[in-house]
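Descriptive structure summary
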Amino acid sequence: MNILHPTPYSLDSSSLLAFSYFLFFLCLRYHPSMSLIFTFASAPTIAISKVEQDQEALALLTWKVSLDNQTQVLLSSWFGRNSCHHWFGVACHRSGSVSDLNLKSCGLRGTLKNLNFSSLPNLLTLNLTNNSLHGTLPTNIGNISKLITILDFGSNHFTGVIPEQLGFLTSLGFLSLASNNIRGSILSFIRNLKNLTILHLYENELSSSIPQEIGLLRSLSDLRLSFNSLTSPILPSIGNLRNLTKLYLGINKLFGFIPQEIGLLRSLDDLDLGINNLNGSIPASIGNLRNLTILYLGANKLSGFIPQEIGLLRSLNDLELSNNNLIGPIPPSIGNLRNLTRLYLHTNKLFGFIPQEIGLLRSLNYLALSTNNLTGPIPHSIGNLRNLTTLYLNENKLSGLIPQEIGLLRSLNELELSFNNLNGSIPASIGNLSSLTSLGLGHNKLSGALPLEMNNITHLKYLQLYENNFIGQLPNEICLA
């Protein structure tokens, strides 16, 4: 049911109030399950003057003719003096003033140099994402409507620095300059944007530090600064952002400790701090983030033990701690993470046995424990991981037999056990792994004849058996692939 609000010219105030109550009870009478949402906006409701309407149209037409010919063809509906009359990508308030300009993914080519932002005083949304716009972001962008809530310039070819005049747009709830070639720093003007809920600046050439003022944006739910060259510690003020659900700071040059205050972000779903220069230990407060589904801390210089508290993150799907300097055993509490599909602990300095609890992770697709100092046998519980497609246990100090249960992993594509101290024969059950494309058993102490059941593995592209004590010949069918 569409409820159309009457214009100020059709009813006086008392009639308008009575009519509103009539509509309200009409909705409840005939649509009792309907949720009524009232939006109180400061957008104009009184018709703007012809002069103001002409100014808006002129601003858009002037910008149009500055764009390349192909873009002008796309905007062929832009003509005349009324931009609210079926102009492509343009929406208007009831007042006749432009409210939204949405030209997402239209193949626009040109710059913003000739767009007179001050002639669009009532704009609420400006979406130019995923085009081929270039040049710098003009400083007069601060003259755009103070009502604007959405500004999306992502996925273009903009260069230069972020103009500090963006700080004038204090109603902004969504700001994206992501996937451009913007350089320089994130300026302290950011403190003015107290209404921001989404800030995307990823995939640029930003340098310098993350400003302390970022901690003042307490409404933020989504902060993405990854794929830049930011050089600073992660400041404790990040803990002020209690509404954050997504925090992406990966692939920068951040250094220092992960602050304990990270544990205050209890609404987080995704946390990516990977591929930086972070050092120190993983704070135990990480265990407070019970809603996390993604935790990427890989490719840093983190040291110390994996905290037992990691086992409190029962919603995790992806856990990436690889390529660090972590020591100690894999905590048995890892077995609590029953929703894990990917577990990356490779390339650390972990030692001790692989815990039997690893077999509780029945949703795992990918398990990488390679390049550590793990000892002892491969646990029989590994056979519970029926969804595994990739198992990397190579480059450790594992010993004992390859368990028969390995043959239960019928979804495996890659099995890498090389560079260990495994002994005994290859179990006949390995023939059940008919989907294998890669099998690495080299550099162990395996012996005996290769089981004929390996004839069932007909999709192999990579086979490594050297530096063992095998006898006999290769099964005839194993080389079919």
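Residues numbered from 1 in each chain as written. Predicted model: local features only at pLDDT ≥ 70, side-chain atom pairs only at ≥ 80, totals over all residues. Heavy atoms only, no water.

1. So, the overall build of the protein
For the protein, the helix and strand inventory stands at 3 helices and 32 strands. Looking at the 481 residues of the protein, the share that counts as buried comes to 48%. As presented, the protein carries roughly 21,700 Å² of accessible surface, and 53% of it is formed by carbon and sulfur atoms. (Helix = DSSP H or I, 4+ residues; strand = E, 2+ residues; numbered from the N terminus. Buried < 20%, exposed > 50% of the residue type's maximum accessible area, 1.4 Å probe, protein only. Areas by Shrake-Rupley, 256 points an atom, 1.4 Å probe, with all protein chains shown as cover.)

2. Quick notes on the sheet that holds strand β5 (residues 132-136)
Strands pair in a sheet through their backbones, by hydrogen bonds, and they do so in one of two ways: parallel or antiparallel. In spatial order, the strands read β3-β5-β7; together these 3 strands make up an open sheet with parallel pairing. Looking at which strands have only one partner, the edges of the open sheet turn out to be β3 (109-110) and β7 (157-159). Where β3 lies against β5, 2 bridges are found, and the strand directions are parallel. Residue pairing across strands places Arg109 opposite Ser132, the latter belonging to β5. (Pairing = 2+ DSSP bridges.)

3. Section: the sheet that holds strand β22 (residues 349-353)
As summarised here, the arrangement of the 10 strands in space is β14-β16-β18-β20-β22-β24-β26-β28-β30-β32, forming an open sheet in which the pairing is parallel. The sheet is open, and its two borders are formed by β14 (255-256) and β32 (469-471), each paired with just one other strand. Here strand β20 (residues 325-328) runs beside β22; their pairing, made up of 2 bridges, is parallel. When the sheet's bridge partners are listed, Gly328 is paired in β22 with Leu350.

4. Looking at the side chain of Ser370
Structurally, Ser370 can be placed in the loop between β23 (366-368) and β24 (373-376). Ser370 gets classed as buried once you look at its relative accessible area, which sits at 8%. Not counting residues up to four positions away in its chain, the partners in contact with Ser370 are His346, Thr347, Tyr392, Leu393, Asn394, Glu395 and Asn396. (Contact = heavy atoms within 4.5 Å.)

5. Quick notes on helix α2 (residues 50-66)
Because each turn of an α-helix spans 3.6 residues, side chains separated by three or four positions in sequence point in the same direction. For α2, with 17 residues, the first-to-last C-alpha span of 24 Å sits near the 24 Å given by 1.5 Å per residue. Residues of α2 that are buried include every one of Gln53, Glu56, Ala57, Ala59, Leu60, Trp63 and Lys64, and no others. Burial along α2 is one-sided: seen end-on, the buried residues are contained in an arc of 150°. Set apart from the buried face of α2 by more than 90 degrees, the exposed residues are Val51, Leu58 and Val65. Against α3 (69-74), β1 (90-92) and β2 (98-102) lie the buried residues of α2. (Expected span 1.5 Å × (residues − 1). Arc of directions from axis to C-beta.)

6. Brief notes about unusual backbone geometry
Phi at Glu395 takes a positive value of approximately 60°, unusual for a residue other than glycine. In this structure, Glu395 sits in the loop between β25 (390-392) and β26 (397-400). Taking relative accessible area as the criterion, Glu395 reaches 40% and is therefore assigned partly exposed. Here the phi dihedral of Phe419 falls at roughly 60°; this positive angle occurs in a residue that is not glycine. Looking at the secondary structure, you find Phe419 in the loop between β27 (414-416) and β28 (421-424).

7. Some details on the environment of Leu465
Along the polypeptide, Leu465 turns up in the loop between β31 (462-464) and β32. Residues Leu465 and Leu450, spaced 15 residues apart in sequence, show a C-alpha to C-alpha distance of 10.0 Å.

8. Some details on the packing of aromatic side chains
Within this structure, the stated rule accounts for 5 aromatic pairs. Geometrically, the ring pair formed by Tyr344 and Tyr366 is tilted, given 4.9 Å between the ring centres and 35° between the ring planes. Taken together, the residues span a long stretch of sequence, with Tyr344 in strand β21 (residues 342-344) and Tyr366 in strand β23 at a distance of 22 residues. When the ring of Tyr366 is compared with that of Tyr392, the centres are 5.9 Å apart and the planes differ by 90°; the resulting orientation is edge-to-face. (Phe/Tyr/Trp six-rings, centres within 6.5 Å; stacked < 30°, edge-to-face > 60°.)

9. Focus: the pattern of salt bridges
All chains considered together, the criterion is met by 5 salt bridges. With a shortest N-O distance of 3.0 Å, Glu213 and Arg191 are connected by a salt bridge. Linking Glu213 in the loop between β11 (205-206) and β12 (222-224) with Arg191 in the loop between β9 (183-184) and β10 (198-200), this pair joins segments that are 22 residues apart in sequence. What makes Arg191 partly exposed here is its relative accessible area of 37%. (Salt bridge = Lys/Arg side-chain N within 4 Å of Asp/Glu carboxyl O.)

10. Digging into a nonpolar patch on the surface
Residues Phe305, Ile327 and Phe351 make up a contiguous nonpolar surface patch of about 270 Å² in total accessible area. Assignment of secondary structure puts Phe305 in strand β18 (residues 301-305). (Patch = residues over 30% accessible without salt bridge, like charges linked within 9 Å, V, L, I, M, F, W, Y side chains within 5 Å.)

11. A few points about a positive patch on the surface
Together, Arg218, Arg242, Arg266, Arg290, Arg314, Arg338, Arg362, Arg386 and Arg410 give the surface a local cluster of positive charge. As for its placement among the helices and strands, Arg386 is situated in the loop between β24 and β25. Taking the relative accessible area as the measure of exposure, Arg386 reaches 44% and is therefore partly exposed. (Lys, Arg positive; Asp, Glu negative; His and termini not counted. Charge placed at Lys NZ, Arg CZ, Asp CG, Glu CD.)

12. With respect to the pairing of β18
Judged from the 2 bridges that link them, strand β16 (residues 277-280) and β18 form a sheet pairing that is parallel. Within β18, the residue paired with Gly280 across the bridge is Leu302. Looking at chain direction, β18 and β20 are connected through 3 bridges and run parallel. Bridged to Phe305 within β20 is Ile327.

13. A word on the environment of Arg410
Checked against the element boundaries, Arg410 lands in the loop between β26 and β27. Look past the residues within four positions of Arg410 in its chain and what remains in contact with it is Asn432, Leu433 and Ser435.

14. Description of the confidence of the model for the protein
This prediction gives the protein a mean pLDDT of 90; 90% of its residues lie at or above 70. Contacts of residues 1-42 to residues separated by more than four positions or lying in other chains number 23 contacts, the stretch itself having pLDDT below 50. (pLDDT = per-residue confidence, 0-100.)

15. What about the environment of Leu217?
Structurally, the position occupied by Leu217 is in the loop between β11 and β12. The class for Leu217 is buried, based on a relative accessible area of 0%. Between the alpha carbons of Leu217 and Ile190 there is a distance of 8.2 Å; along the sequence they are 27 residues apart. Once you skip the residues sitting within four places of it in the chain, Leu217 turns out to touch Ile190, Arg191, Leu193, Lys194, Leu196 and Leu241.

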